[in-house]
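What follows is the residue order along each chain.
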Amino acid sequence: MDKKKPKKIFVQGAIAPEKIAQSIANHQSKTNIGAHSIFLGQIRADEVNGKTVSAIDYSAYEEMAESVFHEIRETAFSKFNITCAHIYHSLGKVKKGELCLFVFTSSAHRKIAIEACNYFVEEIKSKVPIFGKEIFEDETHQWKTNK
Amino acid sequence: MDKKKPKKIFVQGAIAPEKIAQSIANHQSKTNIGAHSIFLGQIRADEVNGKTVSAIDYSAYEEMAESVFHEIRETAFSKFNITCAHIYHSLGKVKKGELCLFVFTSSAHRKIAIEACNYFVEEIKSKVPIFGKEIFEDETHQWKTNK
Amino acid sequence: MKVNIKYFGMIAETANRSEEVLEVAPGLSAKELKDQQIRKYQISDPDAVQLAVNQNLNSEVELKEGDEVAFLPPFAGG
Amino acid sequence: MKVNIKYFGMIAETANRSEEVLEVAPGLSAKELKDQQIRKYQISDPDAVQLAVNQNLNSEVELKEGDEVAFLPPFAGG
């Protein structure tokens, strides 16, 4: 079962658009699926006091993150009638315009896929110990905090 | 402006996963974007009275559909602070497991992108004159109705 | 006067045509045209049929020469 | 007794280390360890620092030999 398999959440560096296409294509044999919901986080070139963010360098308390993520996944599968869920988050440097988070949920029906996707995004942002160093173009940095 | 450009919604046949990857990649230069929300509709091999759906053959009142879609788009841009929105729907035959709808919204912040994506999906399902013939494996058919 | 009629999906299938040009009495309402064609082609579930006159969903209007009237079955996009 | 401490993000930067093994008094609480290390490394905004003991967010426990205590700054995933 897709549900039971332990899953790795972290990938080194940015998430490539081709990886997303590949994930989507992998679901074409699952003909009980009627809807996919995808969320992608992209690095913004935010301006802070006249300096512009050029990248975020992500780090994590990896062992805890994997275990918290596993709990989120178990809860999601018990709350929502989804057929599958795939989540990837970057570690290391991700440049502006690149993708750092990929959440992908599928279900027979659209509302379930969409709700489950939102659930994952909110839970990941609030509960998974991931840390982000916003690197400015002048190589100075500040630490990012989720609102 | 992306907003003002008249956009074609219809594509012949299934939507390829590579098209989705290409759309995502096209946004990597837009560094004011922080979040993308994507919805994909996929053809389910539903069973109806012992027969299995093998494809849906989509048709539309195209001129009206394009104009209704344009209104939905205008309303979405006035309601939600999105940077861009791309929507594609199939015409003609789309086989089970293939994609027939691709909605893609982007914003600086996740909640806006997600809400706008949901808005498009619901509006397209309820207001755009698109018709679907569910073709069974034995070549008989029935007409699909959105619930 | 002439009106251009379009049929879609299940209705086109039942009527066995996707378009026709009809000669109708001046002052005919869209609603009356709908009733007339539904009887003529024995279209089932008339309450589920929506009419678009010149691409606007509206059965309450009086038809004019050259109007485009579309008979629309339930939508099924997505 | 020995406890294994891990520092992350902004805290690791301020403390200038990502791990250390500390010899602490038996019966020390996680909360006391947090206060002690925050003073020692002059970590700013202590209210924003969460402690995970053996990967569970909890500052209320009494520490045991070999516990892994992580000092976590605000989360920033996504």
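Bear in mind the structure is a predicted one, so any value in this text is a computation, not a measurement.

Visitor: Please give an account of the arrangement of the chains that cites residues and values.
Guide: Of all three pairs of chains sharing an interface, the pair with the highest contact count is chains A and B. The two partners chain A and chain C share no contact, and the minimum distance between any of their C-alpha atoms is 9 Å. As for chain D relative to chain C, no contact occurs, and the smallest C-alpha gap between them is 29 Å.

Visitor: Quick rundown of the sheet that holds strand β4 (residues 56-57) of chain C? Include the residues and the values.
Guide: Pairing between sheet strands relies on hydrogen bonds along the backbone, with the strands arranged either parallel or antiparallel. All names here are of chain C. Reading across from one edge, β2-β1-β5-β3-β4 is the order of the five strands in this open sheet, with mixed pairing throughout. Unpaired on one side and paired on the other, β2 (19-23) and β4 mark the two borders of the sheet. The sheet contact formed by strand β3 (residues 50-53) and β4 spans two bridges and is antiparallel. When the bridges of β4 are listed, Ala52 appears paired with Leu57. Along the sheet, helix α2 (residues 30-41) contacts β1 (2-7), β2, β3 and β5 (68-72); its crossing angle with β2, the most-contacted strand, is approximately 115°.

Visitor: A description of the pairing of strand β4 (residues 51-60) of chain A should follow, citing residues and the corresponding values.
Guide: Residue and element names in this part refer to chain A. Of all 10 residues in β4, seven are buried, a share of seventy percent or more. Two strands pair when backbone bridges link them, and strand β3 (residues 47-48) and β4 are joined in this way by two bridges, in the antiparallel orientation. Following the sheet pairing, Val48 is matched in β4 by Lys51. What sits between the antiparallel neighbours β3 and β4 is a turn of two residues, in which Asn49 has the positive phi angle 50°. Taken together, the four bridges between β4 and strand β5 (residues 82-95) define a ladder with antiparallel strand orientation. Paired with Ala55 across the two strands is Lys95, which belongs to β5.

Visitor: Break down the relation of the copies chain B and chain A for me, citing the residues and quoting the values.
Guide: Superposing chain B onto chain A takes a rotation of 180° plus a shift of 0.0 Å along the axis, which leaves an RMSD of 0.0 Å. Taken together, the rotation and translation relating the two chain copies correspond to the operation of a two-fold axis. Most of the interface of chain B is mirrored in chain A, where 100% of its interface residues are also at the interface.

Visitor: Can you tell me about unusual backbone geometry, naming the residues and giving the values?
Guide: Peptide bonds are mostly trans, and most non-glycine residues show a negative phi. Residue and element names in this part refer to chain C. Phi at Gln42 takes a positive value of approximately 50°, unusual for a residue other than glycine. Take Gln42: it is sitting in the loop between α2 and β3. Since its relative accessible area comes to 66%, Gln42 is described here as exposed.

Visitor: Go over the interface of chain B and chain A with me, naming the residues and quoting the values.
Guide: Each partner contributes residues to the interface: chain B has 38 residues there, and chain A has 38 residues. With both chains or domains summed, chain B and chain A bury close to 3100 Å², and 54% of this area falls on carbon and sulfur atoms. Taken as a group, Gln42, Arg44 and Arg110 of chain B account for 20% of the area that chain B buries against chain A, more than any other trio of residues on that side. In this assembly, chain B and chain A are joined by two salt bridges. Linking Arg110 of chain A and Glu122 of chain B is a salt bridge whose minimum nitrogen-to-oxygen distance equals 2.8 Å. Where the side of chain B that touches chain A is concerned, the elements lending two or more residues are α1 (17-25), β2 (35-42) and α3 (110-127) of chain B. Sort the elements by how many residues they give to the side of chain B that touches chain A and β2 of chain B lands first, with eight residues. Residues belonging to the side of chain B that touches chain A are distributed by class as follows: 16 nonpolar, 12 polar and 10 charged. Bridge count for strand β2 (residues 35-42) of chain A against β2 of chain B is seven bridges, and the pairing is antiparallel. Of the residues in β2 of chain B, the one forming a bridge with His36 of chain A is Leu40 of chain B.

Visitor: Tell me about the environment of Glu123 of chain B, residues and numbers included.
Guide: Residue and element names in this part refer to chain B. Turning to its location among the elements, Glu123 is positioned in helix α3. Owing to a relative accessible area of 14%, Glu123 belongs among the buried residues under this scheme. Spatially, the C-alpha atoms of Glu123 and Ala76 are 9.8 Å apart, while their sequence positions differ by 47 residues. Those residues in contact with Glu123, other than ones at most four positions away along the chain, are Ile72 and Val128.

Visitor: For the interface of chain A and chain D, give the residues involved together with the corresponding values.
Guide: If you look at the interface, chain A gives 24 residues, while chain D gives 17 residues. Overall, the association of chain A and chain D removes approximately 1700 Å² of surface from exposure, summing both partners, and the carbon and sulfur fraction of that is 59%. When the area that chain A buries against chain D is broken down by residue, the three leading residues are Tyr61, Phe131 and Trp143 of chain A, summing to 38%. Among the salt bridges present, the one from Lys6 of chain D reaches Glu63 of chain A, with a minimum N-O distance of 3.9 Å. At the boundary of chain A with chain D, the tally comes to seven residue pairs in polar contact (both at pLDDT 80 or more). Elements supplying a minimum of two residues to the side of chain A that touches chain D: β4, α2 (62-79), β6 (99-107), α3 (110-127), β7 (130-136) and β8 (141-143) of chain A. With four residues, the single largest contributor to the side of chain A that touches chain D is β7 of chain A.

How each quantity is defined
Residues numbered from 1 in each chain as written. Chains lettered and ligands numbered in written order. Predicted model: local features only at pLDDT ≥ 70, side-chain atom pairs only at ≥ 80, totals over all residues. Heavy atoms only, no water. Contact = heavy atoms within 4.5 Å. Pairing = 2+ DSSP bridges. Helix = DSSP H or I, 4+ residues; strand = E, 2+ residues; numbered from the N terminus. Axes fitted to C-alpha atoms, helices over the stretch in contact; angles between N-to-C directions. Buried < 20%, exposed > 50% of the residue type's maximum accessible area, 1.4 Å probe, protein only. Least-squares fit on C-alpha atoms with pLDDT ≥ 70 in both. Buried area = accessible area lost by both parts, 1.4 Å probe. Salt bridge = Lys/Arg side-chain N within 4 Å of Asp/Glu carboxyl O. Nonpolar A, V, L, I, M, F, W, Y, C, P; charged D, E, K, R; others polar. Polar contact = N/O pair within 3.5 Å; in protein donor to acceptor, adjacent residues only side chain to side chain.

Just geometry here; none of it tells us what the structure is for.
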